[in-house]
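Listed here are the chains, written in short residue letters.
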Amino acid sequence: MIEIKNASFQYANSENSALNNISLSIGQGECVLLCGESGCGKTTVTRLLNGLIPHYYEGRMTGQILLNGMDIAKTELYKTARHVGSVFQNPRSQFFCVDTTSEVAFGCENMGMPERIVHQRVHDVSEKLHITPLLGRSIFNLSGGEKQKIACASVWAVNPGIFVLDEPTSNLDIDAIEDLKNTLLLWKSQGKTVIISEHRLYWLKDVCDRVIYIKKGQIGFDLPMEQFRLFSPQKISGLGLRTLSLKDLSLHPTGFHNDGTTLVLKNYNFSYKKTPALQISSLRLPVGEIIAVIGHNGAGKSTFSKCLCGLEKKFRGITCFDGVPYNRKKMLKKCYMVMQDVNHQLFCESVDDEVRLGMDEGNADNVSSVLKGLDLTELSSRHPMSLSGGQKQRVAIASAFLANKDILLFDEPTSGLDFSHMKQTSQLLRSLKGRKTVFVVTHDPELVLRCCTHVLHLEKGTEVEWYPLMEENKKRLIHFFLHEKE
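This section reports on the structure supplied with the text. These figures come from a predicted structure and were not determined experimentally.

Conventions adopted
- Residues numbered from 1 in each chain as written.
- Predicted model: local features only at pLDDT ≥ 70, side-chain atom pairs only at ≥ 80, totals over all residues.
- Heavy atoms only, no water.
- Helix = DSSP H or I, 4+ residues; strand = E, 2+ residues; numbered from the N terminus.
- Rg over C-alpha atoms; globule rule 2.2 N^0.38 Å.
- Buried < 20%, exposed > 50% of the residue type's maximum accessible area, 1.4 Å probe, protein only.
- Contact = heavy atoms within 4.5 Å.
- Areas by Shrake-Rupley, 256 points an atom, 1.4 Å probe, with all protein chains shown as cover.
- Lys, Arg positive; Asp, Glu negative; His and termini not counted.
- Charge placed at Lys NZ, Arg CZ, Asp CG, Glu CD.
- Disulfide = S-S within 2.5 Å.
- Salt bridge = Lys/Arg side-chain N within 4 Å of Asp/Glu carboxyl O.
- Axes fitted to C-alpha atoms, helices over the stretch in contact; angles between N-to-C directions.
- Parallel < 35°, antiparallel > 145°, perpendicular 65-115°, else oblique.
- Left-handed = near helix turned anticlockwise from the far one by under 90°.
- Nonpolar A, V, L, I, M, F, W, Y, C, P; charged D, E, K, R; others polar.
- Pairing = 2+ DSSP bridges.

A look at the overall build of the protein
Then step 1. When helices and strands are counted, the protein shows 17 helices and 20 strands.
Then step 2. Taking 2.2 N^0.38 as the reference for a compact globule, 486 residues should give roughly 23 Å; the C-alpha atoms of the protein span a radius of gyration of 23 Å, in line with that estimate.
Then step 3. By its C-alpha atoms, the protein is 70 × 50 × 45 Å across when sized along the principal axes.
Then step 4. Residues counted as buried form 55% of the 486 residues belonging to the protein.
Then step 5. By sequence separation, contacts in the protein at least 24 residues apart represent 70% of the contacts at least 6 residues apart.
Then step 6. Here the protein displays about 21400 Å² of accessible surface, and carbon together with sulfur accounts for 48% of that area.
Then step 7. Positive and negative charge centroids in the protein, built from 57 and 53 side chains respectively, lie 3 Å apart.

So this is what it looks like as structure tokens:
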């Protein structure tokens, strides 16, 4: 039994409280969804439950968090970890080892379990999660979905009674989400308690028993999932939440630029060591359009992006822009890429300095409007690394808009974004049509339907299909994301 009694928390150096006098009880074996707009307090609740508040995140806390009568705030983190396992938005942030087998075993070894028991735990969770083929591999060579599976396995091996997950699907494809869904159902069948903070709701409607909606640090409502599922799509979006059903999504026509100018990709072939990752001999794309790049994890989408913008030094393909050939070095000057992990491209001491770092001087007057359009104005003096994952993502997007490059590439730009900020991002992307050529690598069908004009589907490093995004092609896109599993 988890009890939160009149809990409030304000982070150090923050002017506002993240949580304001919330109280709730979660019974053993319940699967609970925490939802709400970015910054509402969902992640703070998860940090209260796993003890990261107050033992890791500093601030002012009042109230009590009890786990079977144990006061988590007064309990050492290593003791709490025996009862509460955590899976974070970015699984790499919780890895301690460089190979998968050691990572799965780490928690058990850290708790001093006998070697025989550790080996048995690793074997058992690997069998149940179907990840035995992943054992013995380098952590650095795994896809996003594979890393998430290793994170789940390492937590499960300790055998806690409670699992806390914070935005676990932000970088996962449809198959990886389905695998995670099956993992949650398996934990439920074992009587585990699961608390999951998430923006993507459609995959959880058959998993969670209960929905807790948080708004501005307080509980807006606490309902059974059966009742929440009766909410209309309009009511769901009015709450600032993502859709409960992909079938309810509508296409937002953007029109096409269509001036006849093309981007021709030639000999787009690339391998990691001896493993082919990209094999496109020739591909003709329209300039000035917003192109969604879709495919399963490992399909070659990120490799395609890095080759296109010249980041892969050994890439020898040629890009013809309006009939003019460009090699890798020239493409570096012509492109700007927002990476999937934006922590790799945040360098400055403030948000304002960050978005101006690579800015074209002609865009100086647009800084305030771009910051406002992405809800970053009030954060302009904050250090980028002090922001949440979704806020960092928006800072990187703002930098791309102000860089004034001809080709912009966004790798999962709505990772960790709620409905409102996803919509804002889509509007800004739409505004670039006809002025820039934009590639959006994404697993987010809501974003694609709101702003993209074309779809490029890659699998195993090669083109599967290419089509303009019109109403008659909407079903093709939804079919891909549903994967006949909704």
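Read on, since the account is not over.
Thoughts on the state of the cysteines
Then step 1. One pass over the structure, following the stated rule, counts zero disulfides.
Then step 2. In this structure C35 is a free cysteine whose sulfur lies 7.8 Å from that of C40, the closest cysteine sulfur available.
Then step 3. For the unlinked cysteine C320, the closest cysteine sulfur is that of C335, found at 13 Å.
Then step 4. On the basis of relative accessibility, which here comes to 11%, the residue C320 falls in the buried class.

Focus on the pattern of salt bridges
Then step 1. Tallying each qualifying case throughout the model produces twelve salt bridges.
Then step 2. Its salt-bridge partner being D444, residue R242 comes within 3.0 Å of it at the nearest N-O pair. Of this pair, R242 sits in the loop between α9 (233–238) and β11 (262–272) while D444 sits in the loop between β18 (437–441) and α16 (445–451), placing them 202 residues apart in sequence.
Then step 3. Residues R356 and D352 are paired through a salt bridge, measuring 3.0 Å at the closest nitrogen-oxygen approach. With R356 and D352 both in helix α12 (residues 351–356) and four residues apart, the pair spans about one turn of that helix.
Then step 4. The class for R356 is partly exposed, based on a relative accessible area of 36%.

Some details on the packing of helix α4 (residues 100–110) against helix α6 (residues 144–157)
Then step 1. Between α4 and α6, the shortest axis-to-axis distance is 7 Å and the interhelical angle comes to 30°. With respect to their mutual orientation, α4 and α6 come out roughly parallel. Like other packed secondary-structure pairs, α4 and α6 cross with a definite hand, here right-handed. Contacts from T100, E103, V104 and C108 in α4 reach I150, A153, S154 and A157 in α6.
Then step 2. Its residues placed into classes, the contact of α4 with α6 shows five nonpolar, two polar and one charged.

What to know about the pairing of strand β10 (residues 218–224)
Then step 1. As paired strands, strand β9 (residues 210–215) and β10 are joined by six bridges and run antiparallel to one another. When the sheet's bridge partners are listed, R210 is paired in β10 with P224.

Looking at the environment of K147
Then step 1. Inspection of the secondary structure puts K147 in helix α6.
Then step 2. If sequence neighbours within four positions are ignored, K147 has contacts with P91, R92, F95, I139 and L142.

Notes on the side chain of D444
Then step 1. The exposure class assigned to D444 is buried, which follows from its relative accessible area of 3%.
Then step 2. Beyond its immediate sequence surroundings of up to four residues, D444 is in contact with R200, R242, T414, M422 and F481.

A short note on the side chain of N473
Then step 1. Turning to its location among the elements, N473 is positioned in helix α17 (residues 471–482).
Then step 2. Here N473 falls in the buried class, since its relative accessible area comes to 10%.
Then step 3. Excluding residues within four positions of it along the chain, N473 makes contact with Y467 and P468.

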